[in-house]
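# Summary of the model geometry
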Amino acid sequence: MPDVGLLTPGADLAPGSPAAVTDDVALLRTMLRVEAAWVHVLVRHGAAGRIQRSASGIGVARVGQAPPGPAAEDSAAEDSAPEDSAARGTAAAGPTVSGPGASSPTVSGPARPHPTAEGHAIDGSGVVDPTEAYPEDIVEIPDPHAHDTADIAAVVDAAVERLAGADDDALALATRLARESGAGGNPVIPLVGALRAAVGPRIAPVVHAGLTSQDVLDTALVLMLRDAAHAVVEDLDQAAVAAARLAAEHRDRPALARTLAQAAVPTTLGARFAGWLQGILAARGFLSSAADALPLAYGGAAGELSGVAALAGGAGSTSTVPLTAGGTARPTVGGAAGPAVGGDASGSASGGAAAGSVVVGSTERVVGSAGASRPELALIEAWGAELGLPVGPGPWHATRTPVVRLGSALAETCAALGKVANDVLQAVRPGVGELREPSGPGRGTSSAMAHKRNPVLSVLVRCSAIAAPHLAAQVLAAAGLAVDERSDGAWHAEWPALQQLARHAVASAHVATELLDGLEVDADAVARNLRDGLPDVGPAPDVAPAAAVVDRVLDQFAAQTGPVQTGPVQTGPDQTGPAAGRE
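Residues numbered from 1 in each chain as written. Predicted model: local features only at pLDDT ≥ 70, side-chain atom pairs only at ≥ 80, totals over all residues. Heavy atoms only, no water.

Let us now look at the overall build of the protein chain. For the protein chain, the helix and strand inventory stands at 16 helices and 14 strands. Here the protein chain, with 583 residues, has 46% of them falling under the buried criterion. A separation threshold of at least 6 residues defines the contact pool for the protein chain, and within that pool the share at least 24 residues apart is 76%. Of the roughly 26400 Å² of accessible surface on the protein chain, 57% is carried by carbon and sulfur atoms. (Helix = DSSP H or I, 4+ residues; strand = E, 2+ residues; numbered from the N terminus. Buried < 20%, exposed > 50% of the residue type's maximum accessible area, 1.4 Å probe, protein only. Contact = heavy atoms within 4.5 Å. Areas by Shrake-Rupley, 256 points an atom, 1.4 Å probe, with all protein chains shown as cover.)

Structure below.
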């Protein structure tokens, strides 16, 4: 049975719940979306047809090779099992084509390697070659039986809809993947199998071609986290407006300040509310920037893009640039000297080295020149554009900065809202009674004591504030234990922590907005506590400095959002409590 959030009140996963954006079905659909987006890119860039021809063993051959002899042909036949080569990830030998004249080359040789699910290539002999890129001496031969690749994307989209369009189907698939993912250590492997089976053998080789599981799962998590963060930011905007309104309405209301649990000096209730506003705005800014910066995850099998390069047809290498005695650098690409780098037409270079380059020993590497126009990077950029994600300078499989920052921002959000909840919980205690939570049908009731009105909204927000730091620490610890090009266990430990962090932040922001919108102030209790705590201050203490603090916070808030509106707060249909600031 699925997890519905029974033990996370306020963060339930029922359809329509704010926290449902973080559930397993949402993640499943996002992974399928990521896979489908990659197929769209491969189709648009012409790579899908090459993959299909490679898988079928038709339409590609190498120039200048003699036709294989009978022994070679027999060996190739032995290596190819009778089942469909696309399902096995292998390719049969291609045809031999002879030119009509002496000047026409003999064209023969094996088909291009078919990329596996992890981005490697497997040639006709079954040998894995993770570094192979397609050389320029390959000639493509039209396949008279090939299908038009224009329908590939549509077929994949339809398969995605069949697999997870309906809630029941999506839940059944998510449950199946959860059961099967233990065999490979992540849910992408069985997901790819299900999607390939759904599209059929003709299109199956295109699905997931050149990618690795981490590319898909990290990108899906990024999209899920970004959606969750945007939902949190929307609620924080409303919470900030409510806190600003409270601060403005109670700017001059004297109140008792407490430090280290003891009565301290007079302040204003508005100053306390302005402190809430500061925390909310800081958390909102951090979360928004961290979410917008979340990048596409890419890299292939080991972060070196060899699988994608094979699909794109790129085979270049980083160019090294010999330095002359005078420091002038001329890059050599393919044996030909290029123009002077980092200097003017005369070949001079400032500082003895070319601009945009790095000197290593006796050679100079031109920064960015080798990768800027590589076709595999064009595919990656297109994938990012398809999903609406920025593409970072390099893979981050084992450099976990993006999720560390997002996790920290989610935890900070819970902490900022936890401060609000803690203050409310202190203020609603018997003997204090300065604040009251908004009421609602069934809210705050007790199963044993009918007279109680429990501050349940603050309780739920405080719960998330307590849970979030430990989850953020788990993400940070996993990042610190990352190893090699892809981690063994540290990456896996991030998934539930990030999912739970997002769930707590979404629920906390949503509940806190309702709390602030309907928060009630008991002015008599505020005055009584000040008088009892500081009997010598008199009935009208000087609180002008505290009011000035409120003005400063509100002025900065107004500069970002416009003037603060005071007066009654509009409540939703399920909120029956008094308007904010009402006394």
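So, about the packing of helix 6 (residues 167–180) against helix 7 (residues 188–199). Contact pair helix 6 / helix 7: the axes reach a minimum separation of 8 Å and the direction vectors enclose 130°. What the angle tells us is that helix 6 and helix 7 run oblique. Between helix 6 and helix 7 lies a crossing whose hand is right-handed. Side by side, helix 6 and helix 7 meet where Leu173, Arg176, Leu177 and Glu180 of the first sit next to Pro190, Leu191 and Ala194 of the second. The residue inventory of the contact of helix 6 with helix 7, partitioned by class, reads five nonpolar, no polar and two charged. (Axes fitted to C-alpha atoms, helices over the stretch in contact; angles between N-to-C directions. Parallel < 35°, antiparallel > 145°, perpendicular 65-115°, else oblique. Left-handed = near helix turned anticlockwise from the far one by under 90°. Nonpolar A, V, L, I, M, F, W, Y, C, P; charged D, E, K, R; others polar.)

Sheet topology places strand 6 (residues 254–259) next to strand 7 (residues 262–268); five bridges connect them, and they run antiparallel. From the neighbouring strand, Leu256 faces strand 7, where its bridge partner is Pro266. Hairpin remark: strand 6 followed by strand 7, antiparallel, with two residues in the connecting loop; positive phi at Leu260, about 50°. (Pairing = 2+ DSSP bridges.)

Now for the layout of surface pockets. Each pocket or cavity is described by its volume, and for the largest pocket that value is around 890 Å³. For the largest pocket, the lining is made up of 36 residues, of which Asp23, Asp24, Val25, Leu171 and Ala174 are closest to its centre. Among the residues forming the lining of the largest pocket, the class breakdown is 22 nonpolar, seven polar and seven charged. In terms of lining, the second largest pocket is formed by 17 residues, of which the most central are Arg258, Asn422, Asp423, Gln426 and Ala427. Only strand 6 and helix 12 (401–427) provide two or more residues apiece to the lining of the second largest pocket. The element that contributes the greatest number of residues to the lining of the second largest pocket is helix 12, accounting for six residues. Looking at the lining of the second largest pocket residue by residue, the classes come out as six nonpolar, four polar and seven charged. (1 Å grid on protein atoms, 1.4 Å probe; cavity = no way out; pocket = protein on both sides within 12 Å on 5 of 7 lines; lining within 4 Å. Points joined across faces, edges and corners; volume = space filled by probe spheres on them.)

For the rest of this paragraph, the subject is the packing of aromatic side chains. Taken as a whole and assessed by the stated rule, the structure comprises three aromatic pairs. For the pair Phe273 and Trp276, a centre-to-centre distance of 4.9 Å together with 55° between the ring planes defines the contact as tilted. Of this pair, Phe273 and Trp276 both sit in helix 9 (residues 269–292), three residues apart, which is roughly one turn of that helix. For the pair Phe273 and Trp276, a shared accessibility class is recorded, and that class is buried. Relative to Trp495, the ring of Trp491 lies with its centre 4.9 Å away and its plane at 85°, an arrangement referred to as edge-to-face. Of this pair, Trp491 and Trp495 are both found in helix 14 (residues 490–517), four residues apart, which corresponds to roughly one turn of the helix. The pair formed by Trp491 and Trp495 is uniform in burial state, with each residue classed as buried. (Phe/Tyr/Trp six-rings, centres within 6.5 Å; stacked < 30°, edge-to-face > 60°.)

What follows is about the environment of Ala209. Relative to the assigned elements, Ala209 resides in the loop between helix 7 and helix 8 (213–249). The class of Ala209 is buried, set by a relative accessible area of 0%.

Ranked by internal contacts, the top residues of the largest apolar core, which has 124 residues, are Leu28, Trp38, Leu42, Val156, Phe273 and Trp383. Sequence-distant contacts of Trp38, that is, excluding residues within four places in its chain, are made with His208, Ala209, Leu211, Val308, Leu311, Leu379, Ile380 and Trp383. (Core = buried A, V, L, I, M, F, W, Y, C linked by side-chain atoms within 4.5 Å.)

With that out of the way, let us pick up the confidence of the model for the protein chain. Looking at the protein chain, pLDDT values average 76 and 68% of them are 70 or higher. Long-range and interchain partners of residues 58–146, a stretch whose pLDDT sits below 50, account for 162 contacts in this model, where long-range means more than four residues apart. For residues 314–355, every residue scores under 50 in pLDDT, and the model assigns this stretch 73 contacts once sequence neighbours within four places are set aside. (pLDDT = per-residue confidence, 0-100.)

Positionally, Arg486 belongs in the loop between helix 13 (456–480) and helix 14. A polar atom in the side chain of Arg486 sits 3.1 Å from the side chain of Gln214. Of note is the side chain of Arg486, whose polar atom sits 3.3 Å from the backbone oxygen of Ala301. (Polar contact = N/O pair within 3.5 Å; in protein donor to acceptor, adjacent residues only side chain to side chain.)

Bringing a nonpolar patch on the surface into the picture now. Residues Val4, Leu6 and Leu7 make up a contiguous nonpolar surface patch of about 380 Å² in total accessible area. Secondary-structure assignment places Leu7 in the segment before helix 1 (24–44). Judged by its relative accessible area of 80%, Leu7 falls in the exposed class. (Patch = residues over 30% accessible without salt bridge, like charges linked within 9 Å, V, L, I, M, F, W, Y side chains within 5 Å. Salt bridge = Lys/Arg side-chain N within 4 Å of Asp/Glu carboxyl O.)

Quick look at the packing of helix 8 against helix 14 now. Packed helices, taken two at a time, are described by the angle their axes make and the gap between the axes. Across the interface, helix 8 lies against helix 14 with an axial gap of 8 Å and an inter-helix angle of 20°. The angle between helix 8 and helix 14 falls in the class roughly parallel. At the point where helix 8 passes helix 14, the crossing takes the left-handed sense.

Turning our eyes to something else, we now look at unusual backbone geometry. A positive phi angle is found at His208, which is not glycine, with a value near 70°. Tracing the chain through its elements places His208 in the loop between helix 7 and helix 8. If you check the backbone angles, Asp484 has positive phi at about 55° while not being a glycine. Turning to its location among the elements, Asp484 is positioned in the loop between helix 13 and helix 14. According to the relative accessible area criterion, Asp484 is exposed, its value standing at 61%.

Looking now at the side chain of Thr22. Position of Thr22 relative to the elements: it lies in the segment before helix 1. Note on Thr22: relative accessible area 0%, which makes it buried. For Thr22, the side chain forms a polar contact with the side chain of Arg503, separated by 3.2 Å. When residues no more than four places from it in sequence are discounted, the contact partners of Thr22 are Leu13, Met224, Ala228, Gln499, Ala502 and Arg503.

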